[in-house]
Every structure is written in C-alpha cells, then in structure tokens.
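Residues per chain are reported as follows:
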Amino acid sequence: PASPHRRRPHHNHHCRNQLPNKVGNDDTDKHIVKMTLQHRKHSHEHATTNSFFPKRSSPPNNSDNDGHNSHGHGHGHDNSHNNTHNNKSRQWRFLLTVLLPSALVLALDAMYLANFYHGRPQTSPQTISWHPQTPSLSRHHDGGLDDDGHDRDRDRDRDVLRFDLDVLRNVHATYQGARSRIEWKQSPANTPLFVADQNITVAPLMATVDRRPILVRKQLLDDRKTRNVARNGKELGCALSSTTFVSHLKHHDLKKYQQKYGHRHGCEVCFQFSNRKDMTDFLSERQNKAKWMTIETNASTSTKCVKGQATVTSRFGQWQQEEETQGRRFQGFGYPWTVDCLLPNGIPELTCKEISKMQRNIDEGRVDGLLDIRFGTKLVIGWTGGTKKGNYFAVWSQWPWKAVMSHDDDREEIAKKLSMTWNDETSWYVPKSGEELKLAHVEGPGYDQTEYNGKPSIRSIDPQSNSKGGVHVRLLVNLYHYIRNAPGSTHIVAVVDGQAHRSYEYLTEALNTNISLLYRDFWQSLLSEINHANPTDLLPMHEDSSTTSHAFTDMTLMQLLRLRKINILMVPVLTPSPLFEQSVCGGQYQFATYLAARYSADYHVIMFIDGDTSLLERPQTQPLPSSSSSTQLKRTQQQIYYDRFFSPTHSTQCAGHRYQLIEQYVPPSHDTDEHLLQCTHDLLS
C-alpha cells in the first residue's frame, strides 16, 4: 500500500530532473489575443455606425447642429424647439444604434454560456482546461482573457488534460462547512471518565455519493429479499462513503470495533428548514407508510434527520498498528476510518439524485423553506491505552451536502446498466471486445514533501519554486508506455490539494514540450510505428537508429496523447496538515476508498498502482493453424484485461488475478527518463 515514491526521499525531491524549456513562441498567443481584441472592437463599431436607420453623417456638437439644421436643411423652426427635438432624436439614435446592439451581444453571450452549461453531459466529471501558460484553479473561467491578457480557449486541450472541478468544489465545501468532534464514554459505569479529547485530533476528510455498481446490486438484492420497494432502482436509498481521520491509532481497538461497537455506529442525512411546519410536513406521509424509516427531529433548529445503516471499516489499519507497535515506523500516526452509509429504500426524496436536486435548488434560490442539507456519521472506537482500557469514544463528523455531490448522482442509471450474468453483453459493464473496454490507470495522491520543525510537511510552493508539485517523477516514462500499450485509456493523477495548482501548471508545461526533448532515444521509432498502425494497435518498443526519421519532428506530448486518444484527469485530494503529518503516504488510504466509490461506475477496469510502476505487456505466441510455426500476439492492456475478465472463451471467471512484478533498483546516477526507458526496453527485448 505504501508507494516507493514516498518511501524514497531522493526519488521525491533530490534527484528530480528539470523539464526542458517549452518549444514555441509565447508572443504568438499574445498576437492572437491582440487581433481578437481588435476584431471585437471593430465589431462593436460596426454595430454602432451601421444602424437600422438610413445612413447619415455623424452629428457635430449641439451649437453646430442647430445651425446645420436651420441653414443647411432650410428648416425654419425655433432654435429652442430644435434643440429639444434634436436632443431627443440623438438620445433615441444612441439607444437604438449603440445600446441595443450591445445589449443583444451581451444577451447572446449569456445565452451561449447558459446553453453550454445546461447542455454539458452529466455522466462524466465536470472538467475544464486552462491556457497552458496560465493555469488557474482559483476561478472558473469560461473563455475570454485572463488577468495577464492571455487568450483562454475553454475547449483547448480539454480532450487531453482535464481537472475535476466537481471534486475541487467538494474539497472547498469540506473545508468551509465540515466538522468533527469527540464524545468520550465510560465503561463500565463506575470507571472514571477518561477525558483526553485535547490529546486526540479528529478531522473530516473526503466524502462522496457512493456510485459503486456492486453496492447498487447488493441494495437491489437485499431489497427483493425483504420489502421490495426500490422499484428496480428508481427509489433506491442514497449511498454515501466517507472517511474521518483519528489520531493515536496505536490505542484504537481494531479487533472489536465491529463485534463490540458495531451497533453503536451510525449515519444520517439532515434537512434544516426555516420553520417548524415545513419540518413537520417533510416526509410525514411517507413516514406513516414506511415504518422501516427512522426519523429524529430537533424542533429548536427545525431540523429533521433520517437515519441510515452504517458500516465501518479499517483497511490496512491492523498492519499499520503492528508496524508501530513493533517500533519499525509510523510512530504516533493516526488513521482515516471509513464509514459507509445506506439510506432506506422506497422513499423518492431519499435517493441521491433527489437530495442533490434539493441542494441545487437551495444554491440557486429556488426554495424558501429548505435551508440546509447535511450528511453525518458516528464512529465508535474502543481505547486500549494505559490504565484506561475499556473506555471508548465516539467521533461525530458532518459534511454539507455540497461536499458529497458527485458528477452524476443518478444511481438509477447504474441499476439499469447492471449485468445479469458475468458475460451479459447487454449490460454496459460488460464490454464486447477489448476495443470497447474503458480503462483507467490511477496513481497518487502525489506530493512534494519536506520537513518543518522536525515533522514531515507538504513543501511550501512559492512563485520561484521549481517544484513539480504532486506530479510523480516517473509520470513521463509511464505515459510513454501507455501511448504504446493502452491507447484510448484515461490516466487519473491524484495530487494533494495544497499543491494542485503547481501540479497542473507543471503537467501543462510538460504536455506542451516537444517529444524529441522528453524521449530523446525512443521518440522517432515510436512515431514511425504510429504512422503505420491503427489507433488501437499495440506499438512495440524500439530504440532509435540513425536511419529512422519522421516528418512530425515538432510534435508535442499533448499532440501525441491526442493522437492515441489518451486523456489525463487530475483529481485534488483533501489533505489537511494533521492528516499529512500523521498519516501513511499523505492519506493514500482515504483516497483508495474514495476512488472506488466515486469512479467505479465510469470504467470497466481501474488499475490503482504506484506512480513508479510501469505496466509492460508480456509477449505471447500463438501456434498457426496447420503449421509448425507460431506468431507473436500483440495485445494492448485493454485486450489483456478483456481476455482475463470478460472474454467468453478466455476468461477464467475468477475475481482474483495474478500479475508478475519485477522490481528494479535504479541508482541515483541513472535516475533519468532516458535510463529508465532503456531499462524497460532491455526487459521487453
């Protein structure tokens, strides 16, 4: 579970190679911006001078205009009347020739933006790309110019590099409105209460709507065995997954947290209203029929809470505790506990889709009675430290609903796509071939680490820093292999939120760099293979020769990824300071849980691997029919995974699969991308 990237400090900061300078002329973009500004200016002038009225000469000042009207055109009206008449005439001309066209332009721009947002597909994470020179995570820009005058084309490079803004909004909402607290209990009753809440740190981490298809299936199966009220997923109770950091793992009772305290865990979704009548009326009719629904009300705050079924897990917790107990590592560390929650079925208002719709109505001011929606958990942990054994404490955590909304909260659609059998090709989750298989590689969360006052800390990023942020030093090498053996895949790069901007900035610079500078000894042969292959073919790895050449000598990594239909999704991971300083690998455990809950419904296969691991295909041979010779199979990663998991003829229908791991030591003197590519080339050949 612990990535070697984080275990080896010299791989993290001390031996990083500086990225080559960007190829290209920055003045080109500025020239385009100036041309765009001039074009817009002339467009408005055109709308002003070419009005709907017959063309006439521009009027001079007021005094000359009076004389012009009386003498030039021979009008015999009184000058004062002329003055008033001409002023009104000029006002109307100004309104019709200047303000009206400008208002129409603004209205059309507003309609375009509105249609863009409302027309955006809701089945994929809401993402945006920024200009490579000035990436910004602080504001959501929609084209136009940034503060430095750069042109920001909102669709530019969006098919290659994206940043998950839905997750970023969740992170911000968590910092702004999520809270955790401790409540100590004593057991047995005559034992003195151990009050030590000042010595324990608790913090709410990432929470999300749980979109795992396997959990949707479990809910449906359990519902059919009991009440049968979910209506094939239409009224499936909302599912949520959350993590809460609790310090002092060494004294947590990990053996009895389910058996002894399982009945004490809990979760709920609370709705706060502006008055007690609306609170009373909410779900009142449903409650009379759905006796299985448990509701608690707080009249003083006009809040109604619906209780859910909570499940608590501590993946890798016992291994980490043993490491600390035996004095090897993780001294004084805490742990991110996972609490999953299922709301009752059969209540239309308690589906994830409907609750998120209520939240959007609150945000957009469409409702008056409903003020706030929150998700809460209760985690009970036994204490084994010192002479206070037998005591336990409860950790209460709460998130605003904006902190848990995903890019698609319609879990009914997941229920509709579920397969009936392992090879049910009518289901979206069973691809018909390797070419149809949706594959994602995931790494992270990455970070740039240092020490501050004797403790591990996220490195402070200043404008003069040359840090790569959370982008792994091996990313460019791994992208080379994905270009070869995983065309059409997605690479998810998780980074700590405190270095998200720098990570995106560095990665954008890398993607806009010439591949001849990134892959000095292997780029020409790669392009030669691409020139003769289909977009979905496996590309073998060859070392460049002096006779090899290619026409696209100025191709960037961004263009090469686009050619192979590979996209990168950057995901910020909420990482408060206590979590990073007292947690394994900067909170990797919480992200593993979040990854499964958030993205499982979007892919057929997800590979969650260390950032310094290259996935290489193993050459296989197949005998030719009616011949003693054989041919070499050239399978991409998607084809390999399809054969293992989904193929009617090759799959073993097993859940567990084994892959060969070859670990190679890279001495500091050879810690370069060129040496690493040569290393994998020798291994493949």
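Check the entry above for the structure.
Conventions adopted
- Residues numbered from 1 in each chain as written.
- Predicted model: local features only at pLDDT ≥ 70, side-chain atom pairs only at ≥ 80, totals over all residues.
- Heavy atoms only, no water.
- Helix = DSSP H or I, 4+ residues; strand = E, 2+ residues; numbered from the N terminus.
- Contact = heavy atoms within 4.5 Å.
- Disulfide = S-S within 2.5 Å.
- Expected span 1.5 Å × (residues − 1).
- Buried < 20%, exposed > 50% of the residue type's maximum accessible area, 1.4 Å probe, protein only.
- Arc of directions from axis to C-beta.
- Phe/Tyr/Trp six-rings, centres within 6.5 Å; stacked < 30°, edge-to-face > 60°.
- Lys NZ or Arg CZ within 6 Å of the ring centre and 35° of its normal.

Chemist: Give me the lowdown on the overall build of the chain, citing residues and values where you can.
Modeler: A count of helices and strands for the chain gives 21 helices and 19 strands. The contacts of the chain with a sequence gap of at least 6 include a subset with a gap of at least 24, amounting to 78%.

Chemist: Now, about the state of the cysteines: what can you tell me, with residues and values included?
Modeler: Two cysteines joined by a covalent bond between their sulfur atoms form a disulfide. Within this structure, the stated rule accounts for three disulfides. Each bonded cysteine of the chain gets a number by its place in the sequence, and the pairs then read 1-6, 2-5, 3-4.

Chemist: Could you give an account of helix α21 (residues 673-684), with specific residues and numbers?
Modeler: With twelve residues, α21 extends 17 Å between its outermost C-alpha atoms, agreeing within 8% with the 16 Å of an ideal straight helix rising 1.5 Å per residue. Residues of α21 that are buried include every one of D673, L676, L677, T680 and H681, and no others. Summarising the axial view, the buried residues of α21 lie within an arc of 140°, below the 170-degree limit, and thus occupy one face. Those residues of α21 hidden inside the fold are in contact with α13 (475-485).

Chemist: Break down the packing of aromatic side chains for me, citing the residues and quoting the values.
Modeler: Within a pair of aromatic rings, the relevant descriptors are the distance that separates the centres and the angle that separates the planes. This model, assessed by the stated rule, comprises 19 aromatic pairs. On the basis of an interplanar angle of 65° and a centroid distance of 6.0 Å, the ring pair of W383 and F393 is categorised as edge-to-face. Here F393 lies in strand β11 (residues 392-400) and W383 lies in the loop between β10 (370-382) and β11, a separation of ten residues in the sequence. Taken individually, W383 and F393 each receive the classification buried, so the pair is uniform in this respect. An aromatic cluster of three or more residues is present, and its members are F316, Y335, W337 and Y589. Positioned above the aromatic ring of W428, the side-chain terminus of K417 is 5.3 Å from the ring centre.

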